Amino acid sequence: MAFFKKLFGNPVEELYAPVAGSAVPVAQVPDPAFSENMLGYGIGIIPSEGKAYAPCDATVDNMFSTGHAVTLIAGNKAEILIHIGLDTVQLNGQHFTVHCKNGDKVKKGDLLIEFDIEAIKAAGYNPVVAMMVCNSKDFSIFSTSTGKEVDNDEVVIELGGEDYSAMAAAILEGVGGKENVLSIAHCITRLRLELKDRLLTDDKKIKAAGSTGVLRPGKTGVQIVIGPKVHFVYDEFKKLCEE
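On a predicted model such as this, the values are computed, not experimentally measured, just so you know. (Residues numbered from 1 in each chain as written. Predicted model: local features only at pLDDT ≥ 70, side-chain atom pairs only at ≥ 80, totals over all residues. Heavy atoms only, no water.)

Asker: Got a sec to walk through the overall build of the protein chain? Specific residues and values, please.
Answerer: Scanning the protein chain from terminus to terminus reveals 6 helices and 18 strands. Looking at the protein chain residue by residue over its 243 residues, the buried ones come to 46%. Long-range contacts, defined here as pairs at least 24 residues apart, represent 68% of the contacts in the protein chain between residues at least 6 apart. By element, 50% of the accessible surface of the protein chain is carried by carbon and sulfur atoms, the whole surface being about 11600 Å². Charged side chains of the protein chain number 24 positive and 32 negative; the gap between the two group centres comes to 10 Å. (Helix = DSSP H or I, 4+ residues; strand = E, 2+ residues; numbered from the N terminus. Buried < 20%, exposed > 50% of the residue type's maximum accessible area, 1.4 Å probe, protein only. Contact = heavy atoms within 4.5 Å. Areas by Shrake-Rupley, 256 points an atom, 1.4 Å probe, with all protein chains shown as cover. Lys, Arg positive; Asp, Glu negative; His and termini not counted. Charge placed at Lys NZ, Arg CZ, Asp CG, Glu CD.)

Asker: Please provide a residue-by-residue account of unusual backbone geometry, values included.
Answerer: Backbone geometry at D87 places phi at a positive 65°, although glycine is not the residue there. Looking at where D87 falls in the secondary structure, it is placed in the loop between β7 (79–84) and β8 (96–98). One non-glycine residue, H95, adopts positive backbone phi at about 75°. Within the fold, H95 resides in the loop between β7 and β8.

Asker: Break down the sheet that holds strand β1 (residues 12–16) for me, with residues and values.
Answerer: Reading across from one edge, β1-β14-β12 is the order of the 3 strands in this open sheet, with antiparallel pairing throughout. Looking at which strands have only one partner, the edges of the open sheet turn out to be β1 and β12 (141–144). Here the average twist between neighbouring strands, direction ignored, is 15°. (Pairing = 2+ DSSP bridges. Axes fitted to C-alpha atoms, helices over the stretch in contact; angles between N-to-C directions.)

Asker: Can you lay out helix α6 (residues 230–242) for me, pointing to particular residues and giving the numbers?
Answerer: The terminal C-alpha atoms of α6 lie 18 Å apart, and with 13 residues this matches the ideal 18 Å at 1.5 Å per residue to within 8%. All buried positions along α6 are accounted for by V230, F232, V233, Y234, E236, F237 and L240. For α6, the elements touching its buried residues are α4 (164–174), β15 (181–186) and β16 (190–195). (Expected span 1.5 Å × (residues − 1).)

Asker: Now, about the pattern of salt bridges: what can you tell me, with residues and values included?
Answerer: Counted according to the given criterion, the structure contains 10 salt bridges. The structure contains a network of salt bridges with shared partners spanning K77, D235, E236 and K239. (Salt bridge = Lys/Arg side-chain N within 4 Å of Asp/Glu carboxyl O.)

Asker: An account of the sheet that holds strand β6 (residues 69–74) is requested, with residue identities and associated values reported.
Answerer: The 8 strands are arranged β9-β5-β6-β7-β11-β3-β2-β13 in an open sheet whose pairing can be described as antiparallel. Each edge of the open sheet carries a strand with a single partner, namely β9 (105–106) and β13 (148–150). As judged from the 5 bridges shared by strand β2 (residues 21–25) and strand β3 (residues 41–47), these two strands associate in the antiparallel manner. Note that in β3 the partner of V24 across the bridge is G44.

Asker: Got a sec to walk through the pairing of β2? Specific residues and values, please.
Answerer: Both β2 and β13 contribute to a ladder of 3 bridges, which runs antiparallel. Looking at β13, one finds that S22 is bridged to E149.

Asker: So what about the packing of aromatic side chains? Which residues, and what values?
Answerer: What the rule picks out here adds up to 2 aromatic pairs. Geometrically, the ring pair formed by Y41 and F142 is tilted, given 5.9 Å between the ring centres and 55° between the ring planes. Placement of the pair is Y41 in strand β3 and F142 in strand β12, with a sequence separation of 101 residues. The exposure class assigned to F142 is partly exposed, which follows from its relative accessible area of 24%. In this arrangement the basic side chain of K108 is found over the ring face of Y16, its NZ or CZ atom lying 4.5 Å from the centre. (Phe/Tyr/Trp six-rings, centres within 6.5 Å; stacked < 30°, edge-to-face > 60°. Lys NZ or Arg CZ within 6 Å of the ring centre and 35° of its normal.)

Asker: Give me the lowdown on the confidence of the model for the protein chain, citing residues and values where you can.
Answerer: With 95% of its residues at a pLDDT of at least 70, the protein chain reaches an overall mean of 92. In this model, residues 2–10 is a region of pLDDT below 50 whose contacts with residues beyond four sequence positions or in other chains number 14 contacts. (pLDDT = per-residue confidence, 0-100.)

Asker: Report on the state of the cysteines, specifying residues and quantitative values.
Answerer: Enumeration over the complete set of coordinates arrives at 0 disulfides. Summary of cysteine pairing: C134 is not part of a disulfide, and the nearest cysteine sulfur, belonging to C56, is at 13 Å. C134 gets classed as partly exposed once you look at its relative accessible area, which sits at 35%. Free of any disulfide, C241 has its nearest cysteine sulfur in C187, 17 Å distant. (Disulfide = S-S within 2.5 Å.)

If you want it as structure tokens, here you go:
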């Protein structure tokens with residue numbers, strides 16, 4: 001499953017199956033929080049083995065104390081939820097063994113959670129696993145692969161969109177480089193900068209990077225209009241200025 005990777009020259013994140021089993025459309029997961037995409041888009045897996053692995057390189061954002069779920073942040077800012085079973089929070093950690101903690105840097109294939117499928121079933125719970133990308137609407141590319149047996153070597157989701165690192169680098173060049181930046185902030189749609197010398201800004205370069213407009217409030221301010229994904233650009237821009 002590498003159609004988008006080939007088409008766009010590797011702008012996508014590949015998410016591998018977190019568990020072995022039968023991959024099904026998330027619409028078949030019998031819980032509206034998943035099936036009706038309330039938590040974003042994703043897939044379901046009917047597990048055949050009680051081990052959940054990292055679907056990509058990521059940072060553990062929240063390992064639930066009950067062990068039934070974990071959220072990860074991927075390198076492209078995808079917010080990934082791996083949820084084992086339906087309503088299994090009620091088990092209070094029984095039949096789950098956690099192998100990571102909040103803040104851990106994990107590699108694709110690292111063991112995150114072990115769980116006892118048969119014990120979960122015997123307790124009256126459905127052990128289906130949902131992997132959701134909670135901020136999936138932030139990505140213009142989102143593709144799933146289901147209807148087959150999978151394991152942690154099988155790509156089940158591809159997602160991607162803007163290259164925010166490249167966009168931030170181009171904007172930084174357009175405002176005269178990091179030496180010209182006094183302060184960085186953002187609101188819901190704009191990157192808000194204070195510059196030493198506003199005359200060094202190049203609107204053509206900034207707009208070519210993906211901005212839809214440049215405003216100049218006050219004596220040193222420059223506001224670069226990006227849209228609701230500005231926080232991604234801000235994160236990358238700040239990193240570049242701190243290097």
